[in-house]
Amino acid sequence: MQEPDSLILRRLIGASPQFVSGTDLAKQLEISRVGVRSRLEKLREQGFDFDAVRNRGYRITRHPLGLSTKLISAFLPEELSTLPIFLKPEIDSTNSEAERLIAQGVRDPFVVISPKQTRGRGRLGRSWHSPEEGNIYVSFVFRPELPPSQMNTFTLWMGVNICRYLEELCDLRLGVKWPNDILAGQKKIAGILTEARIDSDRTRDLILGIGLNVNCDCSQWDEELSQKAVSLSQLTGRSLDLSRLAAGLINQVLKAFKQFVSGDYVQALSLDWKRYDLLKGMPIRCTQSSGQSISGVAEGIDPDGSLRLRLPDQSVTTVLSGEITLRT
Ligand code: BTN
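This is a predicted model, so every value here is computed, not measured.

### A short note on the sheet that holds strand E12 (residues 307–310)
Taken together, the 5 strands give an open sheet; going across it, the order is E13-E12-E11-E10-E14, and neighbouring strands pair in antiparallel fashion. Both outer strands of the open sheet, strand E13 (316–319) and strand E14 (323–326), are each paired with one neighbouring strand and no more. On average, each strand axis in the sheet is tilted by 45 degrees relative to the strand beside it, whichever way the strands run. Two strands pair when backbone bridges link them, and strand E10 (residues 283–287) and E14 are joined in this way by 4 bridges, in the antiparallel orientation. Following the sheet pairing, Thr-287 is matched in E14 by Glu-323.

### Some words on the pattern of salt bridges
Scanning all chains against the criterion turns up 27 salt bridges. We note a salt bridge from Arg-197 to Asp-205, for which the minimum N-O separation is 2.4 Å. Relative accessible area serves as the criterion here: at 3%, Asp-205 is assigned to the buried category. Between Asp-199 and Arg-204 there is a salt bridge whose closest N-O contact spans 2.9 Å. By relative accessible area, Asp-199 is classed as partly exposed at 34%. With relative accessibility at 36%, the residue Arg-204 sits in the partly exposed group. Residues joined by salt bridges that share partners form a network here, namely Lys-88, Asp-92, Glu-97 and Arg-100.

### Some remarks on the nonpolar core
Generally speaking, a soluble globular protein has its nonpolar side chains buried in company with each other. Within the largest apolar cluster, 84 residues are counted, with the highest numbers of intra-cluster contacts made by Ile-136, Phe-140 and Leu-232. Contact partners of Phe-140, with chain neighbours within four places excluded, come to Phe-110, Val-111, Leu-206, Ile-207, Leu-208, Ile-210, Leu-249, Ile-250, Val-253 and Leu-254.

### Focus on helix H6 (residues 151–170)
Within an α-helix, residues lying three or four positions from one another point in the same direction, as the helix has 3.6 residues per turn. The terminal C-alpha atoms of H6, which comprises 20 residues, lie 29 Å apart, in line with the 28 Å expected from a rise of 1.5 Å per residue. Of all the 20 residues making up H6, 16 are buried; the element is thus mostly covered by neighbouring parts of the structure. Once H6 finishes, Asp-171 follows within two positions and takes phi at roughly 55 degrees, a positive value.

### A short note on the pairing of strand E8 (residues 187–199)
As defined by bridge partners, strand E7 (residues 181–184) adjoins E8 across 4 bridges and the pair is classed as antiparallel. By the bridge assignment, Asp-181 is partnered in E8 with Gly-191. Here E7 folds back onto E8, and the loop between the two strands holds 2 residues, one of which, Gly-185, carries a positive phi near 60 degrees. Bridge analysis of E8 against strand E9 (residues 202–212) gives 10 bridges, and the strand direction is antiparallel. Bridge assignment links Leu-193 to a residue of E9, and that residue is Gly-209. Between E8 and the antiparallel strand that follows it, E9, lie 2 residues; Ser-200 among them carries a positive phi value of about 40 degrees.

The rules behind these values
Residues numbered from 1 in each chain as written. Predicted model: local features only at pLDDT ≥ 70, side-chain atom pairs only at ≥ 80, totals over all residues. Heavy atoms only, no water. Pairing = 2+ DSSP bridges. Helix = DSSP H or I, 4+ residues; strand = E, 2+ residues; numbered from the N terminus. Axes fitted to C-alpha atoms, helices over the stretch in contact; angles between N-to-C directions. Salt bridge = Lys/Arg side-chain N within 4 Å of Asp/Glu carboxyl O. Buried < 20%, exposed > 50% of the residue type's maximum accessible area, 1.4 Å probe, protein only. Core = buried A, V, L, I, M, F, W, Y, C linked by side-chain atoms within 4.5 Å. Contact = heavy atoms within 4.5 Å. Expected span 1.5 Å × (residues − 1).

This is the structure in structure tokens:
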């Protein structure tokens, strides 16, 4: 059952700029019209505002632009309105919190989201800079029953889906740097950290963590980071509504997840990768965890998600993981 405030907000946001009658809202919530009015009063105290007109009802005129569970649920499509969303005003890492919630027995799918992380984690043991500056740090938990060998393509598939969503939302041109960086030009706008717990040959729990630079000004970050990172607001010149954006992202990720587990993604990924691949035709070096590095020209991906590299002797090799640097 959806939380009553979210239900009111969903109706009002859905109808905006039209009015919704108080009687309709009262019927749907199974409360009195006075009850509706008092809920709206309480929402006003939380930064919302509404026009109230006799014989027409209510319409929403303002909502807070930060992260709010009520608003995220209200912006989600009806079928996702009961998705558990754990919003933490501050957390060490949303991926770590997701792990703790799994251990407590919370059932998938669920979402952990925060505007601030104190120990945000990146790939390869790095940290993820996570100040409270209007960004989104979010983790999704799934129990997909998939073979672990599909985890590489899972991250790539999510990468192209996130790219597509952000491109459409902000009218930008973005791309994926294999395997998990989302870039605008040469600068990183989002990173993905997929962590899985594996039982013999099945993936037990899968945590998909996304760090997205939304409203921060990365040029104010330390020199190294400010060279490498950029935010959506820097690119679009406007601040974005975080709850609306988060709801759109959640919707996209859940749809992409469904498509992935149905197996109906292979052709789409191959096409999408051609469109979003930022490395195609670039001379690169791939440094692997062993410290070994391989240089070659990037030539797209194999069906298992590994990166194809054309070597100087014109043979092709593939790498399943590693850190990519562009060679000049
Ligand atoms: C990378 O590019 O190295 C991946 C960065 C992933 C960061 C996100 S922020 C939300 C989630 N929680 C974490 O601690 N990390 C991921």
